[in-house]
Amino acid sequence: MKKFQLFILLLFFVKSSFAQTSNLDEFPLSVLRQKLSISTNDTNTVKLQLAVGHLMLLKAIRGERDIDSAKTFSAKAAVLSGKLNYQFGIINAMLLNAETFYARSNREEGLAIAQKALTFSKVLHNSDGEARSYHLIAQYYPASDPVSLQNRIIYMNKAIAIFRKNKNTHWLSDLLTQNADLLSQAERTTEGLKMLFEALNQGKGVSRRTVEGIYWNIGRISMGIGDYSNALKYNLLAVKTANEVNDTTMQVVYIKHLIAATYIKAKDYDRAIPYSIEVLKMAKRYNDTWCIKMASSALAFEFTHTNRLSKALGILNELKSKASSDLDKLSVSVDFLNNLTYAKQYYQAGQYVQELKKLLAGIPTDNPTVIMDAYNALAYYYSETKQVKLAFHYTDLYAALAHQLNYVEGITAADDRYYKLVKLNQRSRTDIGKFFKDQEIRDSAYNKVKAYQIFLLDMENETLEKNRYIDSLTLDAQIKEIRLKRNQLIQKVTIFGAAMLLIITGLIYSRYRLKQRSNALLTLQKEEIDSKNNALQQLIIDKNELLKDKDELISLKDLLFKEVNHRVKNNLQSVMLLLENQAAILEGEALDAVNISRHRIYAMSLVHEQLIESSKLKSVNMSLYLPQLIEHIKGSFQGSTQVNIRISVEELLIDVSLALPLALIVNEAVTNAIKYAFPNQKNGEVYVAFGMIKDQIRLEIADNGKGMDSHAKTKKNSGMGLKLMRGLCEDIDAKITFKNASGTRIVILCNNDRQQEEINMDTALRHLPDLDMN
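Residues numbered from 1 in each chain as written. Predicted model: local features only at pLDDT ≥ 70, side-chain atom pairs only at ≥ 80, totals over all residues. Heavy atoms only, no water.

In this structure, what is going on with the sheet that holds strand β7 (residues 744-751)? I would like to understand it.
Note: strands within a sheet are paired through backbone hydrogen bonds, in either parallel or antiparallel orientation. Strands sit in the order β2-β4-β5-β7-β6 across an open sheet of 5 strands; the sheet is mixed. Every other strand in the sheet has two partners, leaving β2 (643-649) and β6 (735-740) as the edge strands with one partner each. Across the sheet, the mean angle from the axis of one strand to that of its neighbour is 10 degrees, orientation sign disregarded. Direction of pairing for β6 relative to β7: antiparallel, over a ladder of 6 bridges. Opposite K739, over in β7, you have R745 as the bridge partner. (Pairing = 2+ DSSP bridges. Helix = DSSP H or I, 4+ residues; strand = E, 2+ residues; numbered from the N terminus. Axes fitted to C-alpha atoms, helices over the stretch in contact; angles between N-to-C directions.)

Whenever I open this one, the packing of helix α17 (residues 326-342) against helix α19 (residues 368-384) confuses me. Can you help?
Helix packing geometry: the angle between the two helix axes and the distance between the axes. Two elements in contact, α17 and α19, have axes whose closest approach is 9 Å; the angle formed by their N-to-C orientations is 25 degrees. Taken as axis vectors, α17 and α19 run roughly parallel relative to one another. For the element pair α17 and α19, the recorded crossing hand is left-handed. Seen from α17, the contacting residues are L327, L330, V334, L337, N338, T341 and Y342; seen from α19, they are V370, D373, A374, A377, L378, Y380, Y381 and E384. (Parallel < 35°, antiparallel > 145°, perpendicular 65-115°, else oblique. Left-handed = near helix turned anticlockwise from the far one by under 90°. Contact = heavy atoms within 4.5 Å.)

I tried to follow helix α9 (residues 169-185) on my own but got confused; where do I start?
Since the α-helix advances by 3.6 residues per turn, residues separated by three or four positions end up pointing in the same direction. Its 17 residues place the ends of α9 24 Å apart at the C-alpha level, agreeing with the 24 Å of an ideal helix rising 1.5 Å per residue. Among the 17 residues in α9, 15 count as buried, and that is most of the element. A side-chain oxygen of the first residue of α9 lies 3.3 Å from the backbone nitrogen of W171; this N-cap is N168. Where α9 terminates, the next one or two residues include E187, which has phi positive at roughly 60 degrees. (Expected span 1.5 Å × (residues − 1). Buried < 20%, exposed > 50% of the residue type's maximum accessible area, 1.4 Å probe, protein only. Polar contact = N/O pair within 3.5 Å; in protein donor to acceptor, adjacent residues only side chain to side chain.)

Would you mind showing me how to read the pattern of salt bridges here?
When their charged atoms lie close together, side chains carrying opposite charge are able to pair. In the structure shown here, the tally under the stated rule is 14 salt bridges. Two residues, R104 and E64, come together in a salt bridge whose shortest N-O distance is 3.0 Å. Here R104 is found in the loop between α5 (87-103) and α6 (107-123), whereas its partner E64 is found in helix α4 (residues 64-84), with 40 residues between them in sequence. Judged by relative accessible area, R104 falls into the partly exposed class, the value being 32%. Note on E64: relative accessible area 49%, which makes it partly exposed. Here R308 makes a salt bridge to D270, at a shortest N to O gap of 3.7 Å. With a gap of 38 residues between them, R308 in the loop between α15 (289-304) and α16 (309-322) and D270 in helix α14 (residues 269-285) connect regions that are remote in the sequence. Judged by relative accessible area, which is 30%, R308 ranks as partly exposed. Salt bridges sharing common partners tie together E64, D68 and R104. (Salt bridge = Lys/Arg side-chain N within 4 Å of Asp/Glu carboxyl O.)

Worth remembering: the numbers are spatial, not functional.
Structure representation (structure tokens):
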């Protein structure tokens, strides 16, 4: 599973921008510089200087030179405003100067200048300047601390009250949007939403850049609540508005990242990919490390879930090469493990399991979300590889942290995994403990989302209601015009209808006379046709009943065939579990014998699993079956990881009566090669090839080990595995040859003409030794 909670953290770590100084902030920086170059020394020049300085501080990649430039424009605006006795310019020049100190993290100096601007505004009875000063004083208080956040909201409310009284819609809409973000962080979501819709209702006074921010804030709040449909709706509106104003700031990056996250929630990965690609491109352009990590992780997740694992691994390898801290390495390892596990690349995933466990030991406990992600990835891997005990262990750890953080999605995910593990292990529900099916938390989150959706709908309806009156007069005029045209049309239609009625009446009478003459003849013809139709309908009914019986029999046959395979597979898996329990108390040759039997039974079980999943009820796709069987064999030899197995399998459908013996032969040959072919070698290689040569099936298993003892090749001296392979070849009329050529080479040739009706489980299993389960 993916680290969705990190997507949500985006809601609270985005910096709020300063409000616009004027409508000039809508223009790109290049346009403002051009206007400034041709302006005269008047009040408009002051506004241009302030707007340019303000936008210098809002650049996506801001350096010390940009802050110095903003300070220079502040000084120029202050001098020119003094000459012109322009109060707006004097006050806003002071506030722009305060912003430059905030930009350098010198909060105390910035606060002092903002307070001077407030005092100056009060002396001049300039309420507009007073409100702007309150707004900048609010920036002194960081939003990360709860007490400081409340102070910030208080000063923002003071500024909003003044702008609301003065009906300054431009500034009011901007500050309402910012304050809504603060209220959301203070868990006062309802108040924040009301402010956002109030800002949206300001009409033409709201700048398009502010509208972008309003849509984004509604989308962020919706995402945090869990209402993903409204999150997608408003974030798409925000992107549309950003394109209208040519916004290239980091705000656009965050909006598109949230859109990608929402599509991931909806499992629509193809739509998420273009947004994640664009986010990653912009994050690299702005050198935003945190955003690069999140976008890369999301993009890899999306590629994996659209069957493009190689692209996902390429992205993650790039992240891995840049990971310096243990936290970064842990995060990348979690991504590798999740993606490889989803793609069923369990051998590669197992390498990251060990790396993840080592890194976890050194991660401080004050990083619960990172640790929780690691636990979840491990639980996911062990669940998918059916290592139930370890899967339960890490699911318990993950669920405990999810409850501690009140992370509802995590609790739900843990419950779902518990349910799956219980089905695998047949454990009772009471073994799960207090974390199993925490329905109360789920219901609470569900009700919260529903209440939010209802409230949001009320807000939208209220907005529509306010706009309805504006359109009502126009609508009334249109209705009157339509009614007039309709009356005129009715009058014309009435006259035309009367004339047509006379004509139609004459035609009807003429048709009536003609109909009377032909009715007698038609009656006789109808009786004859009815008689033939009845006979034909009876034949059709009989035919349909036969076809229905045929379809039902075919459907029942297919269903019974799948059920038989399903039950055989379950029974074989039960036998494997019994053997596994027996192996726990055995050792030496007895343990090896039991394990070999488990491999043979797994090969047979896998055939029936393929038949259940395939639409071909009598055939097995060997290109899917053999790699999965060989991966299981290799995974069972934990100490033989140096042996490399190369596989070349054609996509070939063969009858189950032929697939089962061939699978058992592959099991015996590969197992013997891993166990005996490389006693004194650190590295070895086994090659398995399967395909059609002319009209025959050819199976080859070769290794580069020490080679087979020449005495073992004879029937008399061969072991159980070789006897089993020869016996199976006899059953399917196959030819088997053994050669020593830089190792052992086994070749089986047989015809692909066996049918399902020939399968005999007693014959297929008679070469296996009897098992003593006592």
